[in-house]
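Residues per chain, in single letters:
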Amino acid sequence: TSKKLNVKTGMDTESIKADILSHLRYSLATDIETANKKEFYKSVVLSVMDRLHDSWLNTQKEYREKKTKKIYYISMEFLIGRLLDNALVNLNLEQEFRDACKDLGYDYEEIRDIENDAALGNGGLGRLAACFLDSMATLGLAGFGYGIKYDYGIFKQKIHDGYQIERPDDWLRFGTPWATTRPSVMYPVRFYGRSVPYTDEDGHLRFKWENTQHVYALANDIPMPGFRNGVVNNLRLWKATSPKSLDLTSFNQGEYINAVRDIELHENISRVLYPNDKIFVGQELRLKQEYFLVSSTLQDILREYKQQHDDLRDLPKYVAIQCNDTHPNLAVPDLMRILMDEEGFDWETSWDITVKTLSYTNHTVLPEALEKWPVSMLRNLLPRHLQIIYEINKRFINKVHEHFGDDVNRVRRMSIISEGEQPSVQMANLGIVGTHKVNGVAALHTDLIKKTIFRDFFEMYPERFTNKTNGITPRRWLKQCNKPLADLITSEIGDSWITHLSDLRKLDDKVNDKKFMKKYSDIKQQNKERLAAYVKENYGFELNTKAIFDIQIKRIHEYKRQLMLAIYAAAQYNYIKANPDAPVVPRTIIFAGKAAPGYAMAKMFIKLINSISDKINNDPDMEGKLQCFFLDNYSVTLAEQLIPAADVSEQISTAGMEASGTGNMKFALNGAVTIGTLDGANVEIKEEVGDENIIIFGLTVEGVEELRRSGYSSWEYYNADKALKQVIDQIRDGFFEPDHPSLFHTITNSLLDGNDYFLVLADYPAYAEAQKEVDALYSKPDEWFKVALYNTARVGKFSSDRTISDYATDIWGCEDQLNKGRE
Ligand code: 26W
């Protein structure tokens, strides 16, 4: 063509092709003839990066020039998954890159599949952080993620003989083209040492933290583009590195080797993500990681702040810092320390700045998940911080006395330091006392924390507590992962829904439009077939695409009750065996999820699911009627395959235990029907879609409380329900594992002798009834797809754009920035 190519920034296919070729040659020292797929993938990503860099720089420049208020989202986890599709969707360059790949002899899908998930998170909390970054950029907020660049993300799960095996997730083996290392952005992070008192020139008692050991935090930046708005924000991930280059002259041979070996020790801080979900394990390395993140991030925030402003007392005016759970809550004492010890402010001024700048999100009420760091560990690792925490606590306890009088029990409950055998710092209490806003993640959850774990605090500081119901980004979770549906919707109502998800309400009217409904249901079928092909290819299973696709995907946890669906699967098996000629609505049950490596019960659930699956899938009587599969190594990418293909979304936690859930929202948006308890955000999903369009069953939070109070006995439920009893007996007596008949006794014991803390048996009869409702509804396809469409049409509330707008307005004080200059 005669048109001039704009290799680095041109948005046309020819320019993009030229850029890919140029990266192959000049960045990777290869060429189109000899390059392998990985190299081609890398060149594609580098070409995408070229098209982000101007916006990335301009966005940051604009924030500086306009002195925009900055939002810092600090999180130990960012489960961002793959980035290529997302970047292309947001840049509106999907077709151009597709064509460029094709012209150069590659299939875009094949190239996209080269990318490893960035799986730097466990589950809901980490994925939420990733959705928030997308929404902050899309809304034009100056929102920055800060986290850790783990060498190893969440482990790779393999299944051997039905058991979970963990393997390291070496996602950086070939590097990642998305991250830019910034050698000039590096901060020392200090540990150990001691706090030394001295008197300053004004005669004030002050403290210095001395004799510390250092690790360096090195910035790695990943661009976070907004949806077609020219905004590119930043996710900064810190990598740990050793203090300074070695001064070789001063070493003899042995010291030299030791010194080089010490580099390893320093780098260990950012080595691996702790794979625990909702269980606090007080490992010192984890505490180091948390302080490493907080210290480097605060140094970065303050350096940036000082370049633009001169009075730190205005910090809360220009900076908001959100702590994702308590994991970053050392920000409270660390910001106090910086303001007092390094900036010379007095306590009151420092406290005022700290509280007004910080806020904290709670994601769980489970007591075993709450972080409590032993005082002894903090004294050793962070002596100055411990001293500050004691002072915060002393002043706070005085306030408690002022507020409640002499109520020793209350003081004991509210104290940041819990005394006892092993005194420890309650990080949640520290977060409530040291920030201006604490939020829960769904209406029910926020009510619960006010009434239960944080009740005393709510009575003292009612205005601090606020709800921010979670959300998901419609870009990844509809536009990207379900292109056929996204295109259908856009052709009917335009594309405003991509950034204004509530516009999907316009689809409500389509329920009576036969043509539309046919297309809508065809897309579901097409997605099921696509999933079947994927499962066939990657797992070797043959899915029955005529069956109900009934999916439960999430971390494996007792409270999430995968066991209840497993029991249902076994009960269906028994029913079909006993009634070979009875008609059944075919079902394909799919599980996926990881168990924490130390969580024996959860791992046993995986084995049980696999044993039940084997029984079902190897029995010819089940053919065309029932299937059950456990797909290994659940990930963001696998979720993107499964969710668009789901008919039924399993959201069946014991009421009161799932803070919100976000998978529930992704399924509903993609037209799956929820079978669920009144827990977490299910409650709000029901409000939005209407009672007729969701299948709710089981005990409510109050019902759970009442049943436990009045004396629950799981034996009664066991004896009362024949089908349930049969399955439990089979599990107990080795029916599913004849070679090892007592294998599942830990499970049956916890249900019977252990009195079934999660109330699986209590809810089972209602659950089985609800599943019958599912069957009945599915047998009337017209009805079914109406319900499905109402789900798609009515869950606009659960866009993370809405969630972020709410944070911006009620917590961060930057509502004036929302959508500014874009619409
Ligand atoms: C210290 C160990 C640890 C690690 C992770 C404790 C707790 C966590 C997270 C808070 C667990 C988590 O991911 N919670 C989930 O957060 C989601 C986002 O708000 C909610 O939707 C889920 O209901 C909640 O379980």
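Predicted model only: the values in this text are computed from it and were never measured.

Trainee: Looking at this model, I keep getting lost on the environment of Y718. Mind explaining?
Mentor: Among the structural elements, Y718 can be located in helix α27 (residues 714-720). Ignoring sequence-local partners within four residues, the contact set of Y718 consists of K725, I728, D729, R732, L752 and L761. A polar side-chain atom of Y718 sits 2.4 Å from a polar atom in the side chain of D729.

Trainee: Would you mind going over helix α21 (residues 562-578) with me for this structure?
Mentor: Side chains that are three or four residues apart share a direction in an α-helix, a result of its 3.6 residues per turn. With 17 residues, α21 extends 25 Å between its outermost C-alpha atoms, agreeing within 8% with the 24 Å of an ideal straight helix rising 1.5 Å per residue. Taken across its 17 residues, α21 has 14 buried, putting it largely inside the fold.

Trainee: Would you mind going over the sheet that holds strand β22 (residues 648-651) with me for this structure?
Mentor: By way of backbone hydrogen bonds, the strands of a sheet pair with one another, either parallel or antiparallel. Read from one edge to the other, the open sheet built from six strands follows the order β21-β20-β19-β22-β23-β24, with strand pairing classed as parallel. Either end of the sheet is taken by a strand with one partner, and the two such strands are β21 (626-631) and β24 (695-696). Of the strand pairs in this sheet, strand β23 (residues 673-676) and β24 are connected by two bridges, and their pairing is parallel. Among the inter-strand pairings, I675 is bridged to a residue of β24, identified as I695. Docked against the sheet, helix α20 (residues 514-539) engages β19 (548-553), β20 (587-592) and β21, running at close to 60° with respect to β19.

Trainee: Can you help me understand the side chain of D756 in this one?
Mentor: Residue placement: D756 occurs in the loop between α29 (745-751) and α30 (760-778). Here D756 sits buried without a salt bridge, and the closest side chain of opposite charge, R561, lies 6.7 Å off (N-O distance). Of the polar contacts made by the side chain of D756, one reaches the backbone nitrogen of V760; its length is 3.0 Å. In contact with D756, other than residues within four places in its own chain, are Y712, S714, S750, L751, L761 and A762.

Trainee: Before we go on, may I ask you to explain the sheet that holds strand β17 (residues 437-440) in this structure?
Mentor: With respect to topology, nine strands assemble into an open sheet ordered β7-β10-β11-β4-β1-β12-β13-β17-β18, the strand pairing being mixed. Looking along the sheet, the strands with just one partner apiece sit at the ends: β7 (180-191) and β18 (465-467). Averaged over neighbouring strand pairs, the angle between their axes works out to 25° when direction is ignored. In this sheet, strand β11 (residues 232-241) lies alongside strand β10 (residues 213-225) in antiparallel orientation, the contact comprising ten bridges. Across the sheet, residue D221 finds its bridge partner in β11, namely R236. Strands in contact with helix α6 (residues 124-138) are β1 (70-74), β4 (143-148), β10, β11 and β12 (319-324); relative to β1, the strand with the most contacts, it is inclined by about 165°. Seen against the sheet, helix α7 (residues 253-267) touches β10 and β11 and runs at an angle of roughly 135° to β11.

Trainee: Help me understand helix α25 (residues 682-689), please; the structure alone is not making it clear to me.
Mentor: Of all the positions in α25, only N682, E684, I685 and V689 are classed as buried. Seen from one end, α25 has its buried residues packed into an arc of 160°, which puts them on one side. Summarising the contacts, the buried residues of α25 are in contact with α16 (443-451), β22, α24 (663-669), β23 and α31 (781-794). Just beyond α25, the residue with positive phi is G690, at close to 95°.

Trainee: Please clarify how the pattern of salt bridges should be interpreted in this entry.
Mentor: One side chain can pair with another of opposite charge once the charged atoms of both are near each other. Following the criterion strictly, the structure yields 68 salt bridges and no others. In this structure, E264 engages R271 in a salt bridge whose closest nitrogen and oxygen atoms are separated by 3.9 Å. The class for E264 is partly exposed, based on a relative accessible area of 45%. For E391, the salt bridge goes to K394, with nearest N and O atoms at 3.7 Å. You can see E391 and its partner K394 sitting in helix α13 (residues 383-404), three residues apart, about one turn around the helix. Owing to a relative accessible area of 23%, E391 belongs among the partly exposed residues under this scheme. Connected through shared salt-bridge partners, D407, R410, R413, R455, D456 and E459 make up one network.

Trainee: I keep staring at the domain arrangement of the protein chain and nothing clicks. Help me out?
Mentor: Often, the extent of an interface is quoted as the loss of accessible area on bringing the components together. Here the protein chain is described as being made up of domain 1 (67-82 + 117-470 + 806-817) and domain 2 (527-798). A straight line from the C-alpha centre of domain 1 to that of domain 2 covers 36 Å. Taken together, the contact pairs 34 residues of domain 1 with 37 residues of domain 2. Roughly 2800 Å² of surface becomes buried between domain 1 and domain 2 when both sides are summed, with 58% attributable to carbon and sulfur atoms. Here domain 1 is connected to domain 2 by two salt bridges. The residue K607 makes a salt bridge to D161 at a minimum N-O spacing of 3.9 Å. Applying the counting rule to domain 1 against domain 2 returns 14 residue pairs in polar contact (both at pLDDT 80 or more).

Analysis parameters
- Residues numbered from 1 in each chain as written.
- Predicted model: local features only at pLDDT ≥ 70, side-chain atom pairs only at ≥ 80, totals over all residues.
- Heavy atoms only, no water.
- Helix = DSSP H or I, 4+ residues; strand = E, 2+ residues; numbered from the N terminus.
- Contact = heavy atoms within 4.5 Å.
- Polar contact = N/O pair within 3.5 Å; in protein donor to acceptor, adjacent residues only side chain to side chain.
- Expected span 1.5 Å × (residues − 1).
- Buried < 20%, exposed > 50% of the residue type's maximum accessible area, 1.4 Å probe, protein only.
- Pairing = 2+ DSSP bridges.
- Axes fitted to C-alpha atoms, helices over the stretch in contact; angles between N-to-C directions.
- Lys, Arg positive; Asp, Glu negative; His and termini not counted.
- Salt bridge = Lys/Arg side-chain N within 4 Å of Asp/Glu carboxyl O.
- Arc of directions from axis to C-beta.
- Domains from an automatic or database assignment.
- Buried area = accessible area lost by both parts, 1.4 Å probe.

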